[in-house]
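Structural characterization, general
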Amino acid sequence: MVVGHGVDHSFSHHEDLPDARGRFGRFGGRYVPEGLMAALIELDAAYEQARADSGFSTELAGLLRTRVGRPTLLHQVPRFAARLGVPGVKVYLKREDTAHTGSHKINNALGQGLLAKRMGKRRIVAETGAGQHGVAVATVCAMLELACTIYMGAGDMERQRHNVVRMRLLGAEVRAVESGTRRLKEAISESVRDWVAHVDTTHYLFGTAAGPAPYPRIVRDFQTIIGVEARAQIVAEEGRLPDIVLACVGGGSNAVGTFHPFVGDAGIRLVGVEAAGYGLGTGAHAASLSAGSPGEMDGSFSYLLQDDDGQISVTHSVAAGLDYPGAGPELSYLKETGRVQIAAATDATALRGVQALGHTEGIIAALESAHAVGHLLDLAAQGELPAGSVVLLCLSGRGDKDLDVAAQRLGLD
Ligand SMILES: *Cc1c(COP(=O)(O)O)cnc(C)c1O
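Presented here is a report on the structure given in the accompanying data block. (Residues numbered from 1 in each chain as written. Predicted model: local features only at pLDDT ≥ 70, side-chain atom pairs only at ≥ 80, totals over all residues. Heavy atoms only, no water.)

Here's the deal with the sheet that holds strand β11 (residues 244–248)
Strand order in the open sheet formed by 6 strands is β5-β6-β16-β11-β12-β15, with mixed pairing between adjacent strands. In this open sheet, the two edge strands, each paired with only one partner strand, are β5 (74–76) and β15 (340–346). Here the average twist between neighbouring strands, direction ignored, is 25 degrees. Across 5 bridges, the pairing between β11 and strand β12 (residues 269–277) is parallel. Across the sheet, the residue bridging to Val245 is Leu270, located in β12. Lying on the sheet, helix α9 (residues 215–238) is in contact with β5, β6 (90–95) and β16 (390–395); it crosses β6 at an angle near 140 degrees. Set on the sheet, helix α13 (residues 347–361) makes contact with β6, β12, β15 and β16; between it and β15 the angle comes to about 90 degrees. (Pairing = 2+ DSSP bridges. Helix = DSSP H or I, 4+ residues; strand = E, 2+ residues; numbered from the N terminus. Axes fitted to C-alpha atoms, helices over the stretch in contact; angles between N-to-C directions. Contact = heavy atoms within 4.5 Å.)

Encoded structure:
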């Protein structure tokens, strides 16, 4: 139990969050225009019904096994662990990079795809930044016979041409968003606009554990399969729970999904690693929990990067999937209560993480996941990793998508 400020922060009832208003403590909620409220309430009710229906969970579990490749592997990386230079440390990787389409994002896309079908919706809209979420959604739509429209900032489309082609090969319609910064922010606005206009036929498949209620909870629940599997697997291998659990943080979905089953075990150190970009002091980063403040964005109250006038900041990370100026309400709550420690790793640290894991274990991590890998190297170097620690690290995705960036930043051409 963590106690501070005279408030009882016991996490034995963490399972009960969010509360009936969709709040995690003071975070979360629904800050949306009236036109959106009815759609969110309909989604909330449909999700509550689905959760109570064993037929839904059985169908989802079957598809996760046959079409996603779950359970994903959990195994030790002994040569990488030796490089940490701390006696007796064991490192286990949870290999979400081996899931179909190469990251954890499909867990949520598949869950919400099935939910949409259950609601009688025949069409999905979604936003995508780097394109990874869009690819997962397009994949699920093909599998489940759903029409698929993906909104993507025109600037992001130029940078992520491969994922645009992937989505189109999967039968999705990719619509370029030319307004504003031509990035994720505008793509989210366009998706919401489309959803409100076609709500009878269309589900908005949001990609991370943020946004208005009930999305943070729905996405958390669908990603919790990561932590549930990892917990059983590590106990089977090691005969005990880990001492420390690490995951990278963009919007927060792989982190919260990994952490959730461990939140009630007060002795386990949970560490979320954000993108420190060129360094927290430079302003060019995406570390909303480390360096931001609470405010409203994308329909929810949570930590975000904003200036003194409340304008959302421009972010930078070498990892496109971490380049988001907010973190979801559950992680905001877990940070503020002290249950989750928030760290930040620079681009350079992440690039060192990719190289270390590649050289020692033959695994090319996504640059997002590499922030957690690099931070573990830092913890060991700083003497903050006790001898004999058992470490669990969520490897959220594979690095094939990052080859151009890695080649450029590391001079490998
Ligand atoms: C999108 C992405 C992330 C960041 O998203 P979260 O919602 O914070 O998990 C992390 N890793 C990979 C591989 C991604 O594709």
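Structural notes on the side chain of Asn163
As for its placement among the helices and strands, Asn163 is situated in helix α7 (residues 161–169). When sequence neighbours within four positions are dropped, the list of residues in contact with Asn163 reads Ala130, Gly131, Gln132 and Val135.

Side note on the packing of helix α1 (residues 34–51) against helix α8 (residues 184–197)
Remark: α1 packs on α8, axes separated minimally by 10 Å, with the N-to-C direction vectors making an angle of 75 degrees. The pairing of α1 with α8 is recorded here as roughly perpendicular in orientation. Across the interface between the two elements, Gly35, Leu36, Ala39 and Leu40 from α1 touch Val192, Trp195 and Val196 from α8. Of the residues contributing to the contact of α1 with α8, the split by class is 6 nonpolar, 1 polar and no charged. (Parallel < 35°, antiparallel > 145°, perpendicular 65-115°, else oblique. Nonpolar A, V, L, I, M, F, W, Y, C, P; charged D, E, K, R; others polar.)

Some points on α8
With 14 residues, α8 extends 20 Å from end C-alpha to end C-alpha; this agrees with the ideal 20 Å at 1.5 Å per step. Among the residues of α8, those classed as buried are Glu186, Ala187, Ile188, Ser191, Asp194 and Trp195. The secondary structure elements touched by the buried residues of α8 are α1, β7 (123–128), β8 (147–153), β9 (173–177), β10 (202–204) and α9. (Expected span 1.5 Å × (residues − 1). Buried < 20%, exposed > 50% of the residue type's maximum accessible area, 1.4 Å probe, protein only.)

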